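Examination of the molecular architecture
Single-letter residue listing:
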Amino acid sequence: MLTLNKQAIVAGLEKKHFNDAHDTIESVIAIDQARKAAQQKKDAASAEMNQISKSIGALMAQGKREEAEAAKAKTGELKENIKALEAEMAAEEEKLTQALLQIPNVPYSIVPEGKGAEDNVAVKVGGWNFGEPLKKLAEGNRSFDADGNGIALRDWPASEDPQPAFAKLPHWELAKKYNLIDFDLGVKISGAGFPVYIGQGARLQRALINFFLAEANKAGYTEIMPPTVVNQASGYGTGQLPDKEGQMYHCEVDDLYLIPTAEVPVTNLYRDEIIDEANLPIKNCAYTECFRREAGSYGKDVRGLNRLHEFSKIEIVRIDTPDHSDASHREMLAHVEGLLQKLELPYRILRLCGGDMSFTAALCYDFEVYSEAQHRWLEVSSTSNFDTYQANRLKCRYRKADDKKVYIAHTLNGSALALPRIVAALLENNQCEEGIRIPKALQPFFGDDMIR
RNA sequence: GGAAAGAUGGCGGAGUGGUCGAUCGCGGCGGUCUUGAAAACCGUUGACCUUAACGGGUCCGGGGGUUCGAAUCCCUCUCUUUCCGCCA
């Protein structure tokens, strides 16, 4: 497969700014060929060995001891040979898996070229009164499959951002004013990036979690409550390992990892499984705490709730057939967009460029909400199609209904949604004289229409 | 933490050195019968690598060893179950 699509794969990897794409692919092909050659030699030797063993068995049964002994004498050299060939084959195989683990997923053709965030393309906006320049985007690119329809962020008209009627306080000040979140207490008991939610602040967390789960249930997702600590195999299965080794908390004595997202345990549920096509698409959702070391982050990015070491997130995960995964992806996008609309937050949807996508994704859309106090867009969801990339590592396959054969499935996931930045935007955007307004859809879950 | 038992195909469960990739049951699939369904009966039913194909190879928790030959014997690791202790 790799050999057949060499050109396309190299081009795709270059889009992701993977260095030495061409040389890497060439060397992978070479290793694979060496592996095949080794296997063929080894198989031939094994076949001969099996023959001899069988004949010895037959001779012994007939009582022809001497002939059997003669046959035994022949096996010594063959045995050495097989051992050497096996070692060679194992070495090539190991080289191959190592090489393969270093290669990121190949992006789909509609993924824009680009190096970083400014090359991402906004494909849809909503949730506030904007002017002419964004009208076309607001009408919607419901299909999300048209190329070239959108605005690259480097051309984004900042004047079109939502304009607050008065100067708004950032959420870390509101958190203090209404006694919702205590960051200092978190530092005392754990460290920076571990906030303590209190009173109405804690209640708002619980309300959002329940709201998101209820919406996911309504959309047909099965609720899962997985462990928040996983083993190494799971880390490799979804591709966090080896790529993001340093970003995960690791419990050394037991060699377990705290999950950075529910994607890890919920997708790994299907590791080494063969699913009947009739059961696809699988639609799961899960609320978990997520843990990220966030080594190397600094400045305004980590202020308040913007970037935490522990946060709550509701994740949706789907397993699907290759020909339906794109439709699945769009359903997920519509679901996430619906959440933001119900929360009455200004949002935009970005198609990530090759350079900004994760290691494992083939196509990824980010959702951002606007913070009226920080005057910036905050990422609240990433919704990705991994194609067969994760499924290959997971050995997650499905049995097709018509020919009963086994094929590699597609996996997808997305946040629906991550709490902290939603909370930040809700607090900041909805502040008014009497307090902080709770959006209508959330009121039944919060139990009040206002934080006072 | 201490003791014991166990890990086999989608599931259950046999198999203690030589056509065992694995008896059998259930489930699944195909068929006979039936107006239809059920029951009954017959047949069929693992994955992976390799090959254009025929074929070949690997896999009975993982790794190593003994042997011409290992699901079967030995070592080791992991996990599970049961009992005891501790405990939310």
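Structure first, text after, so check above.
Now for a description of the structure that goes with this document. Worth saying up front: this structure is predicted, and the values here are computed from it rather than measured.

Reading the values: rules and limits
Residues numbered from 1 in each chain as written. Chains lettered and ligands numbered in written order. Predicted model: local features only at pLDDT ≥ 70, side-chain atom pairs only at ≥ 80, totals over all residues. Heavy atoms only, no water. Buried < 20%, exposed > 50% of the residue type's maximum accessible area, 1.4 Å probe, protein only. Helix = DSSP H or I, 4+ residues; strand = E, 2+ residues; numbered from the N terminus. Pairing = 2+ DSSP bridges. Axes fitted to C-alpha atoms, helices over the stretch in contact; angles between N-to-C directions. Parallel < 35°, antiparallel > 145°, perpendicular 65-115°, else oblique. Left-handed = near helix turned anticlockwise from the far one by under 90°. Contact = heavy atoms within 4.5 Å.

It is worth spelling out the pairing of strand 14 (residues 376-385) at this point. Of all 10 residues in strand 14, eight are buried; the element is thus mostly enclosed. Bridge count between strand 13 (residues 363-371) and strand 14: nine bridges; the pairing is antiparallel. Residue pairing across strands places Leu-363 opposite Asn-385, the latter belonging to strand 14. In terms of strand pairing, strand 14 meets strand 17 (residues 410-418) through three bridges, oriented antiparallel.

Moving on: unusual backbone geometry. Cis peptide bonds are those with omega within 30 degrees of zero, and the linkage from Leu-280 to Pro-281 qualifies with -5 degrees. Structurally, Pro-281 can be placed in the loop between strand 9 (274-276) and strand 10 (282-291). Put simply, Ala-416 and Leu-417 share a cis peptide bond, and its omega is 0 degrees. One can find Leu-417 in strand 17. Even without glycine at this site, Asp-20 takes up a positive phi of about 55 degrees. Checked against the element boundaries, Asp-20 lands in the loop between helix 1 (6-15) and helix 2 (21-61). Taking the relative accessible area as the measure of exposure, Asp-20 reaches 54% and is therefore exposed.

Right, let's talk about the packing of helix 7 (residues 200-218) against helix 10 (residues 325-342) for a bit. At a minimum axis distance of 11 Å, the contact between helix 7 and helix 10 shows a crossing angle of 135 degrees. Viewed along their axes, helix 7 and helix 10 adopt a mutual orientation that is oblique. As for how helix 7 packs across helix 10, the hand of that crossing is right-handed. Mapping the contact onto sequence places Phe-211, Phe-212, Glu-215, Ala-216 and Lys-218 in helix 7 and His-335, Leu-339 and Lys-342 in helix 10.

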